[in-house]
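One-letter residues, chain by chain:
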Amino acid sequence: MDFDSLGEIIATRRFYFVDESNKQRAVSVLVGKPQQSNGSSEYHCPFQVIGIGSQKTQLARGHDSIQALQAALVLIAASLNHLNRELGEKLIWDGDDKGELGFP
């Protein structure tokens, strides 16, 4: 896990993965503060999914910090939806009772 490259964490969300024996395992999404990319006018927003998948820090990019943050949320949604399909739709977020994970 690579927490240092996230920088300042500005948002988190916790999920649970329910395995075959009905045990819950914590899965977290961490979003770092958008930052201006070195030597560029562009921005990047680091994020990480912990508990399933590769757990590597990923970067979303944008023209400004808001676009980078929006891109991070879209990429997180795609990553979680993909992982959830691989896990047989067993990823649960307490914020929704319809099976949604709460990302755009």
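In this numbering scheme, every chain counts its residues from 1 along its sequence in written order. The predicted nature of this model means local features are confined to residues of pLDDT at least 70 and side-chain atom pairs, given and counted, to a pLDDT of 80 or more, with totals for whole chains, interfaces and linings taken over all residues. Processing note: side-chain calculations cover all non-hydrogen atoms of the structure and skip hydrogens and water entirely.

Q: So what's going on with the overall build of the chain? Which residues, and what values?
A: A run of H or I in DSSP counts as a helix once it spans at least four residues, and a run of E counts as a strand once it spans at least two, with each numbered from the N terminus. Looking only at helices and strands, the chain has one helix and six strands in total. Walking the chain from its N terminus toward its C terminus, one meets helices and strands in the order β-β-β-β-β-α-β. Here the chain has a C-alpha radius of gyration of 14 Å; the compact-globule value for 104 residues is 13 Å, and the two agree. Along the first, second and third principal axes, the C-alpha atoms of the chain reach 50 × 25 × 20 Å. Categorising residues by exposure relies on relative accessible area from a 1.4 Å probe, with only protein chains included: less than 20% of the type maximum marks a residue as buried, more than 50% marks it as exposed, and the intermediate range marks it as partly exposed. A burial count over the chain gives 32% of its 104 residues as buried. Surface accessibility follows the Shrake-Rupley procedure with a 1.4 Å probe radius. Residue values consider only the protein chains on display as shielding. As presented, the chain carries roughly 6500 Å² of accessible surface, and 47% of it is formed by carbon and sulfur atoms. Based on C-alpha atoms, the radius of gyration is set beside the globule rule, defined as 2.2 Å times the residue count to the power 0.38.

Q: Give me the lowdown on the nonpolar core, citing residues and values where you can.
A: Core analysis: the biggest nonpolar cluster contains 20 residues, and F15, V27, V29, I76, L80, L91 and F103 have the highest contact counts within it. Looking at this core, the elements with two or more residues in it are β1 (9-18), β2 (24-32), β4 (43-50) and α1 (65-86). No other element matches α1, which puts six residues into this core. In this structure V27 touches R13, R14, F15, F17, V49, I50, G51, I52 and L91, once residues within four positions along its chain are discounted. For this analysis, a nonpolar core means a set of buried residues of the types Ala, Val, Leu, Ile, Met, Phe, Trp, Tyr and Cys, connected via side-chain atoms within 4.5 Å. The contact definition used throughout considers only heavy atoms, calling two residues in contact when any of these lie within 4.5 Å.

Q: So what's going on with the side chain of H44? Which residues, and what values?
A: Locating H44 in the fold gives a position in strand β4. Overall, H44 belongs to the buried group, its relative accessible area being 14%. Side-chain atoms alone can form a polar contact between residues adjacent in sequence; in general such a contact is a pair of N or O atoms within 3.5 Å, and within protein one must be able to donate a hydrogen while the other accepts it. Only 3.0 Å separates the side chain of H44 from the side chain of S37, close enough to count as a polar contact. If we ignore the near neighbours within four places in the chain, the residues touching H44 are K33, P34, Q35, Q36, S37, L59, A60, R61 and A68.

Q: Kindly report on the pairing of β4, identifying the contributing residues and their values.
A: Consecutive side chains along a regular strand alternate between the two faces of the sheet. Where burial is concerned, most of β4 is hidden: seven out of the eight residues are buried. In this structure, β2 lies alongside β4, joined through four bridges in antiparallel fashion. Pairing of S28 across the sheet is with I50, part of β4. The pairing criterion is simple: DSSP has to find at least two bridges between the two strands. Here strand β3 (residues 35-36) runs beside β4; their pairing, made up of two bridges, is antiparallel. Looking at the pairing, Q35 lines up with H44 of β4. In this antiparallel pair of consecutive strands, β3 and β4, the connection spans six residues, and G39 shows a positive phi of 70°. As paired strands, β4 and strand β5 (residues 58-62) are joined by five bridges and run antiparallel to one another. Paired with F47 across the two strands is Q58, which belongs to β5.

Q: Help me get a handle on the packing of aromatic side chains, residues and values and all.
A: Geometry of aromatic contacts follows a simple scheme: Phe, Tyr and Trp rings, the Trp one being its six-membered ring, pair when their centres are within 6.5 Å, and the pair is stacked under 30 degrees between planes, edge-to-face over 60, tilted otherwise. Under the counting rule described, the total for this entry stands at one aromatic pair. The lysine or arginine in question, R13, covers the ring of F103, its NZ or CZ lying 4.9 Å from the ring centre. Think of it as a cone above the ring: NZ of Lys or CZ of Arg counts as a charge over the ring if it is within 6 Å of the ring centre and within 35 degrees of the ring normal.

What is shown is where atoms sit, not what they do.
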